[in-house]
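What follows is the residue order along each chain.
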Amino acid sequence: MSILDEVLAANADYAGSFGPKGSLALPPARHFAILTCMDARLDPAKYAGLSEGDAHVIRNAGGRASNDAIRSLVISYKLLGTREWFVIHHSNCGMELFTDDVIRGLLANSLETAALGPDGFTDVGSGPGSNAAGSIDWLTISDSAQSVVDDVTRIRNHPLVPGRIPIHGYIYDVSTGRLVEVPEATKAGLPL
Ligand SMILES: [Zn+2]
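Report on the accompanying structure. No experiment lies behind these values; they were computed from the predicted model shown.

**Considering the packing of aromatic side chains**
Across all of its chains, the model carries six aromatic pairs by this definition. Where Phe86 meets Tyr170, the ring centres are 6.5 Å apart and the plane angle is 45°; that geometry is what we call tilted. One end of the pair, Phe86, is in strand E3 (residues 84-90); the other, Tyr170, is in strand E6 (residues 167-172), with 84 residues separating them in the sequence. The rings of Phe32, Phe86 and Tyr170 are connected pair by pair, giving a single aromatic cluster.

Below, the structure is given as structure tokens:
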């Protein structure tokens, strides 16, 4: 079966027993939001105990507090009533494996998937690539605890984020499934 067929078959099963989920309210029932990484090993619904309708989950590469992530968080509280936020990065994040210069070089070389070896990523594609990567801040990570502190601090200090919202900083351990607090981040995210 192709991926498309697999997804559509899984969806048919899901929709077949959708039941009362069809009448869920739009605002998250448990009034909180999670910003986390897109990593395939992370399932926020499972690691944080979410059901449909419970919470907002905003995901991007690294779970970084990009302008777009902050846009979503602002909508989350201002229009949809969330009162408490989590920034959750994780161990063994792919964003620790390259720098802006590396990804810019790879993309300048070709638009094919790079190979990951013991010395990092190598471009194995044939060109042409593009220099358009040069104007993007890739928000890579060199220290996962520090990146959580940085992102919580950035959100806390944003002029559109009210001081009443607590922002908790955690790292999800991909080897155990546990959430490990980054105390400095949670401290930075205390309500003002
Ligand atoms: Zn990641």
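**A word on the nonpolar core**
Ranked by internal contacts, the top residues of the largest apolar core, which has 21 residues, are Leu35, Trp85, Val87, Val148 and Ile155. Elements represented by at least two residues in this core include exactly strand E1 (32-37), helix H3 (67-78), E3, helix H5 (144-156) and E6. In terms of residues, this core owes the most to one element, H3, which gives five residues. Leu35 has contacts with Ile58, Asn60, Gly63, Arg64, Ala65, Ala69, Phe86, Val87, Ile88 and Ile155, leaving out every residue within four places of it along the chain.

**Let's talk about the coordination of the zinc ion**
Protein ligation of the zinc ion involves Cys37 (SG), His90 (NE2) and Cys93 (SG), the donor distances falling in the range 2.0 to 2.3 Å. Written as a sequence motif, the donor arrangement for the zinc ion is C-x52-H-x2-C. In this pair, Cys37 sits in strand E1 while Cys93 sits in the loop between E3 and helix H4 (100-109), placing the two residues 56 residues apart along the sequence. Judged by relative accessible area, which is 3%, Cys93 ranks as buried.

**Focus on the environment of Ile155**
Within the fold, Ile155 resides in helix H5. The spatial distance from the C-alpha of Ile155 to the C-alpha of Leu106 is 31 Å, given a sequence separation of 49 residues. Once residues within four sequence positions are removed from consideration, Ile155 is found in contact with Leu35, Ala65, Ile70, Leu73, Trp85, Val87, Val161 and Ile167.

**Focus on a negative patch on the surface**
Judged by side-chain charge, Glu96, Asp143, Asp150 and Glu184 come together as a negatively charged surface patch. Tracing the sequence through the fold places Asp150 in helix H5.

**What about the layout of surface pockets?**
Reported here for the largest pocket is a volume of approximately 410 Å³. Contributing to the lining of the largest pocket are 24 residues, with Gly94, Met95, Phe98, Ile103 and Phe121 lying nearest its centre. Per element, the largest residue contribution to the lining of the largest pocket is three residues, and it comes from H4.

**What about the environment of Arg83?**
Its place among the elements puts Arg83 in the loop between H3 and E3. For Arg83, a relative accessible area of 54% translates into the label exposed. The contact partners of Arg83, leaving out residues within four places of it in the chain, are His31, Ile165 and Pro166.

**A few points about the side chain of Thr36**
In this fold, Thr36 is placed in strand E1. Within the structure, Thr36 has its side chain in polar contact with the side chain of Tyr47 (distance 2.9 Å). Separated by 2.7 Å, the side chain of Thr36 and the backbone oxygen of Ile88 make a polar contact.

**A look at the sheet that holds E6**
Strand pairing in a sheet relies on backbone hydrogen bonds. The paired strands run either parallel or antiparallel. In spatial order, the strands read E2-E1-E3-E6-E7; together these five strands make up an open sheet with mixed pairing. Because the sheet does not close on itself, it has two edges, and the strands there are strand E2 (55-60) and strand E7 (179-181). The average angle at which neighbouring strand axes cross in this sheet is 30°, direction not considered. The pairing of E3 with E6 spans six bridges and is parallel. Along E6, the bridge assignment pairs His89 with Ile171.

Basis of the calculations
- Residues numbered from 1 in each chain as written.
- Predicted model: local features only at pLDDT ≥ 70, side-chain atom pairs only at ≥ 80, totals over all residues.
- Heavy atoms only, no water.
- Phe/Tyr/Trp six-rings, centres within 6.5 Å; stacked < 30°, edge-to-face > 60°.
- Helix = DSSP H or I, 4+ residues; strand = E, 2+ residues; numbered from the N terminus.
- Core = buried A, V, L, I, M, F, W, Y, C linked by side-chain atoms within 4.5 Å.
- Buried < 20%, exposed > 50% of the residue type's maximum accessible area, 1.4 Å probe, protein only.
- Contact = heavy atoms within 4.5 Å.
- Donors = N, O, S within 2.8 Å, 3.2 Å for Na, K, Ca; no water.
- Patch = residues over 30% accessible without salt bridge, like charges linked within 9 Å, V, L, I, M, F, W, Y side chains within 5 Å.
- Areas by Shrake-Rupley, 256 points an atom, 1.4 Å probe, with all protein chains shown as cover.
- Salt bridge = Lys/Arg side-chain N within 4 Å of Asp/Glu carboxyl O.
- Lys, Arg positive; Asp, Glu negative; His and termini not counted.
- Charge placed at Lys NZ, Arg CZ, Asp CG, Glu CD.
- 1 Å grid on protein atoms, 1.4 Å probe; cavity = no way out; pocket = protein on both sides within 12 Å on 5 of 7 lines; lining within 4 Å.
- Points joined across faces, edges and corners; volume = space filled by probe spheres on them.
- Polar contact = N/O pair within 3.5 Å; in protein donor to acceptor, adjacent residues only side chain to side chain.
- Pairing = 2+ DSSP bridges.
- Axes fitted to C-alpha atoms, helices over the stretch in contact; angles between N-to-C directions.

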